[in-house]
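# Tertiary structure, described
The chain contents come next:
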Amino acid sequence: MKSSSTPLRRWLSAAIVLILAGQACTISLFDTPTNGNTGTTTPVPSVATNTPYAATQTTFVVTLPEPLQAGDSIAISVLDEVTGLSLNETKFPMTPRDNLTYTATLPLPINSVVKYRYIRLGGTGAVEDTTFGTTIRYRLHNVASSAEVQDVVADWSDKTYTRPVGTILGQVYNVDTGSPIPNILVTAGGIQFITDSLGRFELAGLPTGTHQLTAYSLDGLYLPFQQGAIVAEGNPTIVDLRIKPTHLVNVTFTVAVPEDTVPGVPVRIAGNILQLGNTFADLQGGVSTVTDRMPIMNLQPDGRYSVTLGLPVGTYVQYKYTLGDGYWNAEHKGDGGWIVREFLVPGQDVTLQDTVATWLASNQSGPILFEVSVPSVTPPSDIVYMQFNTFGWMEPIPMWPLGNNRWAYKLYSPLNFLGSFSYRYCRNGQCNSADDNQTVGTAPTGRQAGTSLLGQDIQDNVGSWKWFENPETFALVGSAITPRAANFVAGVEYQATHRPNFSYFAPQAFANTKAIGSNLAVLTPSWTVTSVSPLRFSTQPGTDPFWIDSAIMVSQARALGLNVSLFPTPHFPPSTDTGVSASVKFWKDAPKDNAWWQTFFTRYRAFLVNYADLAAQTGAQSLILGGEWVTPALPGGLLVDGSSSNVPADAEAQWRAILQDVRTHFKGQVFWALPYEKSTFTTPVSFLRDVDGIYLLWSTPIATSPTATKTDYANETGRLLDNEVAPLSSLLGKPVILAVSYPAAAGAPSGCVANGAGICLDFDALSRPNTDLTVVSLNLQTQADIYEAMLSAVNARSWVAGFVSRGYYMPVTLQDKSTSIHGKPAADVLWYWYPRLLGTVR
């Protein structure tokens, strides 16, 4: 038990930085502190980070898939993930050894971790990609001493080659304790994998030959490790890696900012590790850092800024100071060039003394001050963001509050371009979902601004917010509610969609959940299917939460007194048909032969065990397995068209083994998420007797006619519960929790929201951040009526063990068509019913 809890304590210690980051809305622009410096009072070494580190010569040797065409050349591109991989790359030409082999020798800082890839210059140019046709983000090299690095280019982005390939797979362990380590980035040949709770990784599709295998800790809590690995065709190369943990020291960053800095604005640190806002993902516009995940510095009485962070000894840190993110409003050199600072975290506490030369990228373009007034209905807890577009919409950046529904943001850089650019406003960083009504959607024209030699002051007004124009309320009707037993569940399940800035808004979402009387928060952490055949299924940065993200959210919810359940939920390749869910398309596209099914059960077992370990280590009370999507994998499984899924004959044994494995890793309650479909509720599979309860996924029709009333909804719900669900509960001897999902849209009570062509939509198609479907009519009252009717039915049936609202959109209140109740009249219904069912209000 000790070995599993120690890594968690280490992660949570480092995660304090993430929890405290991004409090832009609490900062006054013009207040300066009157007390003393809040940094450490113990004298520590003080250094500046503008002194170059000692360098060593590293020779890169790359083998190409074919000779170059006349006029083409090869370069190695050293990448900057703090600014953006494609936004500040440095290209070094390579010289040929022969027609397939090229080399370049670079002076690199000792103990640095270099991110690089190969590019072809001349003609149309190309970036190397994998044998799967996906662009290589970067390769990694830890510069321990002078070395020769041997690489193989598998493919170019404009060509495809057929060549022998192989796989490296293994596990990563703590060299001191022998414990497996999750959340480690393992890479070879530019293919990357984030380890699971058992430290497992799999790097498939590597060209045969020798590759450099590197293990890199996203938060620096373990020292980098690399070794060679030989890849052969057909037989996987098994490699177990043992990496060294390190410890934290206090690093105090102190910086003097230019005189033209707006007084009191938040100064952040953008960097290459998780604690400094790096998401290790390709985000909008080519950036990888997110403002909301960066630490904010404290303004000192002398006008400088300072913050003390616990950082791991030996970690190579690249960073910059910024008023925005790593690209927008970041510091620049005196000549306007990009700056990325670097240092190696020493073995003792240290203070870094820095000076920002300028926020401007050019003296040919003056800064632009944006001021905006927003509607009075804007929730007080909201933060207004700006999003800029020069070569595509980029990650939103929080503005600075002025009070009285007014916000400001001064844009200094990069404005070293002529002409106009686009921008827009949105709420809580959810551009595309919570937009200014003047600039709605994924590809709006946006508001226009232009660069100028002189500074500008642009004043705007947001007339209304999309999905929050005139927030509706609900007239609650008093009911005689019978308090339930102490173990009754009144919960909220959060939407499975994830973006890196969602974690910043999680504490407010949990507070809202608690405020409506809930006692359970259901988190839906995910992995993503990146290939159906062969099946590849793992954590994908940017779309799936990291292990530490989920751990922090569990801790935050529990701190508010909420019980927590984890409901692991896969992400599938998107479906272009709004009438067909992504999971239905997944099953349609899968080959479903014996070999594929064996891989499926192996991958899904790893997925569940990963989150069983997370639940155990974070103190979550329960785990929910299954879901609508998994039905074809059950014994006798059928596809949506009624045809056989060809599931193996031993499916029952497979599921029992998975449940047993989960139980080995997690000692709390285990529920099975079972979809309920009216009149097709067949005898359940036997292994359901092995779970602790049924989490009944309910979005079934409860209206028998278009003119049905709220009373009709309640009666039909009661009939279905009595005739079909109660027998199931009795047969299994298990408690049943209703997990309810209905959109705020016309047709929801019938279970069919039409897409305008006579086809019923998948309800998830109405969720944010999906594009709005204008053929669907918004109806908030209907959703509230459904909730009130169902709760009335539950109130009359003491055997129902709980009620959960599904699809809660965590980052922002929206009165949209989705199943989320966040900010909708349906939430008022729960606010009335939940405390009374739980007996906290009588």
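In this report, we go over the structure that sits alongside the text. (Residues numbered from 1 in each chain as written. Predicted model: local features only at pLDDT ≥ 70, side-chain atom pairs only at ≥ 80, totals over all residues. Heavy atoms only, no water.)

### Some points on the packing of helix H2 (residues 502-515) against helix H3 (residues 547-559)
For the pair H2 and H3, interaxial distance at closest approach is 9 Å and the crossing angle is 30 degrees. Considered as vectors, H2 and H3 are oriented roughly parallel to each other. Helix-helix and strand crossings are classified by hand; for H2 and H3 the assignment is right-handed. Residue-level contacts link Ala-506, Pro-507 and Phe-510 of H2 to Met-553, Gln-556 and Ala-557 of H3. Residues belonging to the contact of H2 with H3 are distributed by class as follows: five nonpolar, one polar and no charged. (Axes fitted to C-alpha atoms, helices over the stretch in contact; angles between N-to-C directions. Helix = DSSP H or I, 4+ residues; strand = E, 2+ residues; numbered from the N terminus. Parallel < 35°, antiparallel > 145°, perpendicular 65-115°, else oblique. Left-handed = near helix turned anticlockwise from the far one by under 90°. Contact = heavy atoms within 4.5 Å. Nonpolar A, V, L, I, M, F, W, Y, C, P; charged D, E, K, R; others polar.)

### A look at the pairing of strand S15 (residues 200-207)
Counting buried positions along S15 gives six out of eight residues, so the element sits mostly inside the fold. Two elements, strand S12 (residues 165-174) and S15, share six bridges in a ladder whose sense is antiparallel. Paired with Gln-171 across the bridge in S15 is Arg-200. (Buried < 20%, exposed > 50% of the residue type's maximum accessible area, 1.4 Å probe, protein only. Pairing = 2+ DSSP bridges.)

### Some thoughts on the pattern of salt bridges
For the coordinates displayed, the defined rule picks out 35 salt bridges. One salt bridge connects Asp-151 with Arg-139, and the closest N-O pair in it is separated by 3.3 Å. With Asp-151 in strand S10 (residues 147-152) and Arg-139 in strand S9 (residues 139-142), the pair connects residues that are 12 residues apart, well separated along the chain. As far as burial versus exposure is concerned, Asp-151 and Arg-139 are alike and both buried. (Salt bridge = Lys/Arg side-chain N within 4 Å of Asp/Glu carboxyl O.)

### Remarks on the pairing of strand S36 (residues 520-523)
In S36, alternate side chains face the same way, and those of Leu-520 and Val-522 on one face and Ala-521 and Leu-523 on the other are all buried. Here strand S35 (residues 489-494) pairs with S36 via three bridges, running parallel. Considered in S36, the bridge of Gly-491 is made with Leu-520. In this fold, the crossover linking S35 to S36 by way of H2 has right-handed handedness. Direction of pairing for S36 relative to strand S39 (residues 563-566): parallel, over a ladder of four bridges. Bridge pairing in S39 places Leu-520 opposite Asn-563. (Right-handed = clockwise from strand over helix to strand, strands pointing away.)

### Brief notes about the packing of aromatic side chains
Inspection of every chain in the model, using the stated rule, returns 52 aromatic pairs. Judged by centre distance (5.9 Å) and plane angle (90 degrees), the rings of Phe-502 and Tyr-809 are edge-to-face. Placement of Phe-502 in helix H2 and of Tyr-809 in the loop between strand S44 (800-808) and helix H9 (825-838) is noted, with a sequence separation of 307 residues between them. Classification of Phe-502 as buried rests on a relative accessible area of 5%. A cation over an aromatic ring shows up here: Arg-424 above the ring of Trp-393, its NZ or CZ 4.9 Å from the ring centre. (Phe/Tyr/Trp six-rings, centres within 6.5 Å; stacked < 30°, edge-to-face > 60°. Lys NZ or Arg CZ within 6 Å of the ring centre and 35° of its normal.)

### What to know about the sheet that holds strand S27 (residues 368-373)
The four strands are arranged S30-S31-S27-S34 in an open sheet whose pairing can be described as mixed. The two strands at the open ends of the sheet, each matched to only one other strand, are strand S30 (400-403) and strand S34 (456-461). Ignoring which end each strand starts from, the neighbouring axes of this sheet average 25 degrees apart. Both S27 and S34 contribute to a ladder of six bridges, which runs parallel.

### What to know about helix H6 (residues 651-665)
Compared with an ideal rise of 1.5 Å per residue, which puts 15 residues at 21 Å, H6 spans 21 Å between its outermost C-alpha atoms and is within 8% of the ideal. Those residues of H6 lying buried are Ala-651, Gln-654, Trp-655, Ile-658, Leu-659 and Val-662. Taken down its axis, H6 places every buried residue within 135 degrees of arc, on the same side. Turned more than 90 degrees off the buried face of H6, the exposed positions are Gln-660 and Thr-664. On its buried face, H6 sits against helix H5 (594-618), strand S40 (622-626) and strand S41 (669-676). (Expected span 1.5 Å × (residues − 1). Arc of directions from axis to C-beta.)

### Looking at helix H7 (residues 710-732)
Between its first and last C-alpha, H7 extends 31 Å over 23 residues, near the 33 Å set by a 1.5 Å rise per residue. At Val-725, H7 is bent by approximately 40 degrees, the largest bend along its length, and proline Pro-727 sits one to four residues beyond. Residues of H7 that are buried: Tyr-713, Ala-714, Glu-716, Thr-717, Gly-718, Leu-720, Leu-721, Glu-724, Val-725, Leu-728, Ser-729 and Leu-732. Summarising the contacts, the buried residues of H7 are in contact with S41, strand S42 (693-698), strand S43 (736-740) and helix H8 (780-795). Just downstream of H7, Gly-733 is the residue with a positive phi angle, here 65 degrees. (Bend = angle between axes of the 7 residues up to and from the residue.)

### Observations concerning the packing of H5 against H6
Axes are the key here: two packed helices are described by the angle between their axes and the distance separating the axes. Direction vectors running N to C along H5 and H6 enclose 20 degrees, while the axes themselves pass 8 Å from each other. Considering the angle they form, H5 stands roughly parallel to H6. Seen along the crossing, H5 lies across H6 with a hand that is right-handed. Contacts between H5 and H6 involve Gln-598, Phe-601, Tyr-604, Arg-605, Leu-608, Val-609, Ala-612, Asp-613 and Ala-616 from the former and Ala-651, Gln-654, Trp-655, Ala-657, Ile-658, Asp-661, Val-662 and His-665 from the latter. Residues of the contact of H5 with H6, tallied by class, amount to 11 nonpolar, three polar and three charged.

### Concerning the nonpolar core
In terms of nonpolar packing, the biggest core is built from 103 residues, with Phe-510, Phe-600, Trp-655, Trp-672, Trp-698, Leu-738 and Phe-803 touching the most fellow members. Of all the elements, H5 adds the most residues to this core, at 12 residues. With near-sequence residues (within four places) excluded, Leu-738 lies in contact with Leu-696, Trp-698, Leu-721, Met-790, Val-794, Val-800, Gly-802, Phe-803 and Val-804. If you look at the next biggest cluster of nonpolar residues, it comprises 81 residues, including Phe-253, Val-265, Trp-400 and Ile-548. (Core = buried A, V, L, I, M, F, W, Y, C linked by side-chain atoms within 4.5 Å.)

### Points about the state of the cysteines
Scanning all chains against the criterion turns up two disulfides. Each sulfur of the disulfide joining Cys-426 and Cys-431 lies 2.1 Å from the other. One disulfide, between Cys-426 and Cys-431, carries an S-S torsion of -70 degrees and so falls in the left-handed class. Under the relative-accessibility criterion, Cys-426 is labelled buried at 0%. Assigning the bonded cysteines of the protein chain consecutive numbers by sequence position, one obtains the connectivity 1-2, 3-4. (Disulfide = S-S within 2.5 Å.)

### With respect to unusual backbone geometry
Put simply, Ser-413 and Pro-414 share a cis peptide bond, and its omega is -5 degrees. On the secondary structure map, Pro-414 appears in the loop between strand S31 (406-411) and strand S32 (420-427). At the junction of Arg-768 and Pro-769, the peptide bond is cis and its omega measures out at 5 degrees in the coordinates. Look at Asn-111: it is not a glycine, yet its phi comes out positive at around 75 degrees. Turning to its location among the elements, Asn-111 is positioned in the loop between strand S6 (101-109) and strand S7 (113-121). Classification of Asn-111 by relative accessible area gives partly exposed; the value is 35%.

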